[in-house]
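A closer look at the structure
The residues making up each chain are set out below.
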Amino acid sequence: MPYKKFEEYNMQVTDDVKDRYKNIIEDLGEDTTRDGLLKTPERAAKAMQFLTQGYNQDPVEILKSAMFKESYNEMVIVKDIELYSLCEHHILPFFGKVHIAYIPNGQIVGLSKLPRIVDVFSRRLQVQERLTEQILDCINDTLKPQGVAVVIEAAHMCMMMRGVQKQNSTTTTSGFRGQFEKIETRNEFLKLIGK
Ligand SMILES: [Zn+2]
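Here's what I pulled together on the structure shown here. (Residues numbered from 1 in each chain as written. Predicted model: local features only at pLDDT ≥ 70, side-chain atom pairs only at ≥ 80, totals over all residues. Heavy atoms only, no water.)

Looking now at helix 4 (residues 113–122). Across the 10 residues that make up helix 4, a large majority, seven, are buried. Those residues of helix 4 not exposed but buried are K113, L114, I117, V118, V120, F121 and S122. Buried residues along helix 4 sit in contact with helix 3 (59–64), strand 2 (76–87), strand 3 (93–103), strand 4 (107–109), strand 5 (125–126) and helix 5 (128–143). (Buried < 20%, exposed > 50% of the residue type's maximum accessible area, 1.4 Å probe, protein only. Helix = DSSP H or I, 4+ residues; strand = E, 2+ residues; numbered from the N terminus. Contact = heavy atoms within 4.5 Å.)

This next bit is on the pattern of salt bridges. Tallied over the entire structure, the rule returns eight salt bridges. With its nearest N and O atoms 2.7 Å apart, the salt bridge here joins D137 to R177. Of this pair, D137 sits in helix 5 while R177 sits in strand 7 (residues 171–178); the two residues are 40 residues apart in sequence, bridging distant segments of the chain. The partly exposed category is assigned to D137, whose relative accessible area is 27%. R177 gets classed as partly exposed once you look at its relative accessible area, which sits at 21%. For K195, the salt bridge goes to E153, with nearest N and O atoms at 2.9 Å. (Salt bridge = Lys/Arg side-chain N within 4 Å of Asp/Glu carboxyl O.)

With a phi close to 60 degrees, D80 is a non-glycine residue in the positive phi region. In this fold, D80 is placed in strand 2.

On to the nonpolar core, then. Residues L83, V98, I100, L114, I135, I139 and I152 are the most contacted members of the largest nonpolar core, which totals 28 residues. Contributing elements (two or more residues each) for this core: helix 3, strand 2, strand 3, helix 4, helix 5 and strand 6 (147–156). Sorting elements by how many residues they give to this core places helix 5 first, with six residues. In contact with I139, other than residues within four places in its own chain, are L63, I100, L114, I117, K144, P145 and V148. Formed by nine residues, the second largest nonpolar core is a distinct cluster that contains M75, A101, A149 and F176. (Core = buried A, V, L, I, M, F, W, Y, C linked by side-chain atoms within 4.5 Å.)

So, about the coordination of the zinc ion. For the zinc ion, every protein donor is listed as C87 (SG), H90 (ND1) and C158 (SG), and the spread of their distances is 2.1 to 2.3 Å. Motif for the zinc ion, donor spacing along one chain: C-x2-H-x67-C. By relative accessible area, C87 is classed as buried at 5%. (Donors = N, O, S within 2.8 Å, 3.2 Å for Na, K, Ca; no water.)

Spatially, five strands are ordered 5-2-3-6-7 in an open sheet, and the strand pairing comes out mixed. Only two strands of the sheet have a single neighbouring strand rather than two, namely strand 5 and strand 7. Bridge analysis of strand 3 against strand 6 gives 10 bridges, and the strand direction is antiparallel. Note on strand 6: the bridge partner recorded for A101 is A149. Here helix 4 sits on the sheet in contact with strand 2, strand 3 and strand 5, set at roughly 20 degrees to strand 2. Strands in contact with helix 5 are strand 2, strand 3, strand 5, strand 6 and strand 7; relative to strand 6, the strand with the most contacts, it is inclined by about 155 degrees. (Pairing = 2+ DSSP bridges. Axes fitted to C-alpha atoms, helices over the stretch in contact; angles between N-to-C directions.)

Of the voids in this model, the largest pocket is the one considered here, and its volume is about 610 Å³. If you go around the largest pocket, you meet 21 residues; those closest to its centre are E8, Y9, Q49, F50 and Q53. If you list the elements that add at least two residues to the lining of the largest pocket, you get helix 1 (11–27) and helix 2 (40–51). Here the second largest pocket defines a volume of roughly 150 Å³. Of all elements in the fold, only helix 5 and helix 6 (157–160) reach the threshold of two or more residues within the lining of the second largest pocket. Residues belonging to the lining of the second largest pocket are distributed by class as follows: four nonpolar, six polar and one charged. (1 Å grid on protein atoms, 1.4 Å probe; cavity = no way out; pocket = protein on both sides within 12 Å on 5 of 7 lines; lining within 4 Å. Points joined across faces, edges and corners; volume = space filled by probe spheres on them. Nonpolar A, V, L, I, M, F, W, Y, C, P; charged D, E, K, R; others polar.)

Okay, here's the thing in structure tokens:
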């Protein structure tokens, strides 16, 4: 077998969370002994561990593992990075797209590392505003580019399924550092991502 992917869960955490999910499901009026729900507490416990695995990952290390000296000093854009996160107020998903740009300052980073750090920060309990800043600061402080820009467009289940029940609204957040604080550079980036 040339490739095999393993999933590992902390058994103690899985057991604890499983027992609590069982109580929650019962408190909500369900019967946890019926067929379809028998293994649900364990599955939910594992799903939540997967969706919050970012707490155990170091985004700075991920970036540092693939930084290379290069003289290229034009804008680098990775757009339409898929985002899946959990809102920290309701523990409901929000999802959408992240667009990242940076202008190198003697160093570039492996392109796949940018989606990786999006995953690290989004697999935590989050608010979209802080997520935007964390991605921005991580790239700015680690790669030290001439500038960095992050735009996130996301739909929030807590708005769509409950609360104001607005199904078609998206929330946009953005942050800019260095060269992107200049209006021309920022506009060039926004044009290139189709905004
Ligand atoms: Zn929410």
